[in-house]
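# Structure at a glance
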Amino acid sequence: MTGTSAPRAQNSARRRLAAPTLAMLPRIGDSLSFLYADVVRIVQDDTGVSAETTDAEGRTTRVYLPTAALSCVLLGPGTSITQPALATFARHGTTVVCSGSGGVRCYSCTTSDALTTRWLEAQVHQWSDPERRLATAQRMYLKRFNIAVPADTPLNKLRGLEGQRVKALYKILAQQHRIGRFRRNYDPAAWDDQDPVNLALSSANTCLYGIVHAAIVALGCSPALGFVHQGKQHALVYDIADLYKAELTIPLAFSLHDSSNPEAMARRSFREELRLYKLLPRIVADLQSLLAPDEAMPLPEGDAVELVNLWDPEAGSVPAGLNYASTVNDGTSPAPALVEPDGHES
């Protein structure tokens, strides 16, 4: 081996050892919370993915990110990311969200193409039928308030019951913190004009939306197909986030009523308490139970699929990559066919 080829071989071996495998990647329920970054450049090198900043003198500060343990990365204004870094996040199943300042808005996000459609199909099955959709909304109400409602309860009555309970919670927390009467007031166009409680609540809810969005996308579901909300690409995000606001973000916001910087404190406190709440495993379990209520043990999320199956109205799912021409006339088993690497018949 020549002197020049030896370093190349060492670098190649180092890259192969550093490359993640499916067995190394954690499940979404085991991931950490979220990471918000702005005014940085996110790059990939031989060691990993790092966030870099450069000062006026040209000195570079580099912080490496725990890519395999992050569920969601929020990229704020002034952030750039290289294609290799983005590909690494995709391999690890990390949702990358392009957001506004402080994570206030979500403009776009990434979705891995290696996810099974099992949970998306379950979501569409529940969403496409009005009766099943209403039943799912009723199960959401039960999870949120631990109170069952009759099967014939219409959605408008559910909304009224929800409004009463949330209003009562606001009143109780306002009395506990001695801040007088509270009224929820949120206007995205006047973000800085909110009072401290509303500002903290809006900020904490935004963080909650990011975590829920990451869990939904990691399961392969569509954030746009909600059961109570509709009309936006984040309808299901709002549905699922509502399950946890009364327990997490609303009490947190009232506790910051006298904070000098309620927006930043809400994000920081919510992130610190996320592990204590074990929120991500709860979101995954709640989503699975809502979408597949008849299954005692839902399948694990995020399974990669090697081949695409074919749908059959009687058999359900049949193997792809086979030539079914012989079944048209004599009903015999399909003859083998060549299968390309992507799983489609040649």
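Residues numbered from 1 in each chain as written. Predicted model: local features only at pLDDT ≥ 70, side-chain atom pairs only at ≥ 80, totals over all residues. Heavy atoms only, no water.

### Here's the deal with the sheet that holds strand E6 (residues 80–81)
Pairing is mixed in the open sheet, where four strands are placed in the order E4-E3-E2-E6. The sheet is open, and its two edges are formed by strand E4 (60–64) and E6, each paired on a single side. Where helix H2 (residues 83–91) meets the sheet, its contacts fall on strand E2 (41–44), strand E3 (49–54) and E6, and the angle it forms with E2 comes to roughly 75°. (Pairing = 2+ DSSP bridges. Helix = DSSP H or I, 4+ residues; strand = E, 2+ residues; numbered from the N terminus. Contact = heavy atoms within 4.5 Å. Axes fitted to C-alpha atoms, helices over the stretch in contact; angles between N-to-C directions.)

### Regarding the pairing of E3
Sheet analysis places E2 next to E3, joined by four bridges and oriented antiparallel. Note that in E3 the partner of Gln44 across the bridge is Val49. Where E2 folds back on E3, the antiparallel hairpin that results is connected by four residues. Between E3 and E4, which pair antiparallel and follow one another directly, the connecting turn spans five residues, one of which, Gly58, has a positive phi of 90°.

### Here's the deal with the pattern of salt bridges
Inspection of the entire model under this criterion finds eight salt bridges. Of the charged contacts, one joins Arg62 and Glu52 as a salt bridge, the two residues approaching to 2.9 Å between their closest N and O atoms. With Arg62 in strand E4 and Glu52 in strand E3, the pair connects residues that are ten residues apart, well separated along the chain. Relative accessible area serves as the criterion here: at 16%, Glu52 is assigned to the buried category. (Salt bridge = Lys/Arg side-chain N within 4 Å of Asp/Glu carboxyl O. Buried < 20%, exposed > 50% of the residue type's maximum accessible area, 1.4 Å probe, protein only.)

### A look at the nonpolar core
The biggest cluster of nonpolar side chains holds 49 residues, and the ones touching the most others in it are Ile240, Leu279 and Ile283. Of all the elements in the fold, those that place two or more residues in this core are helix H3 (118–128), helix H4 (130–145), helix H5 (155–177), helix H6 (196–219), helix H7 (235–245), helix H8 (249–255), helix H9 (262–272) and helix H11 (279–291). Considering every element that reaches this core, the biggest residue donor is H6, with eleven residues. Not counting chain neighbours up to four residues away, the residues in contact with Leu279 comprise Leu208, Ile211, Tyr244, Leu248, Phe270 and Leu274. Counting twelve residues, the second-largest nonpolar core is a separate cluster that includes Ala37, Leu70, Ala85 and Phe89. (Core = buried A, V, L, I, M, F, W, Y, C linked by side-chain atoms within 4.5 Å.)

### Digging into the pairing of E2
Pairing of E2 with E6 involves two bridges; the strand directions are parallel. Paired with Arg41 across the bridge in E6 is Ser80.

### Considerations on the side chain of Asn198
Of note, Asn198 is situated in helix H6. At 2.9 Å, the side chain of Asn198 and the side chain of Arg184 are in polar contact. Polar side-chain contacts of Asn198 include one of 2.9 Å to the backbone nitrogen of Asn185. In contact with Asn198, not counting residues within four places along its chain, are Phe182, Arg183, Arg184 and Asn185. (Polar contact = N/O pair within 3.5 Å; in protein donor to acceptor, adjacent residues only side chain to side chain.)

### Some remarks on unusual backbone geometry
Unlike most non-glycine residues, Val39 shows phi in positive territory, near 55°. For Val39, the position within the fold is in the loop between strand E1 (34–37) and E2. You can call Val39 exposed: its relative accessible area is 59%. At Asn146, a residue that is not glycine, the phi angle is positive and equals roughly 55°. Residue placement: Asn146 occurs in the loop between H4 and H5. Judged by relative accessible area, Asn146 falls into the exposed class, the value being 66%.

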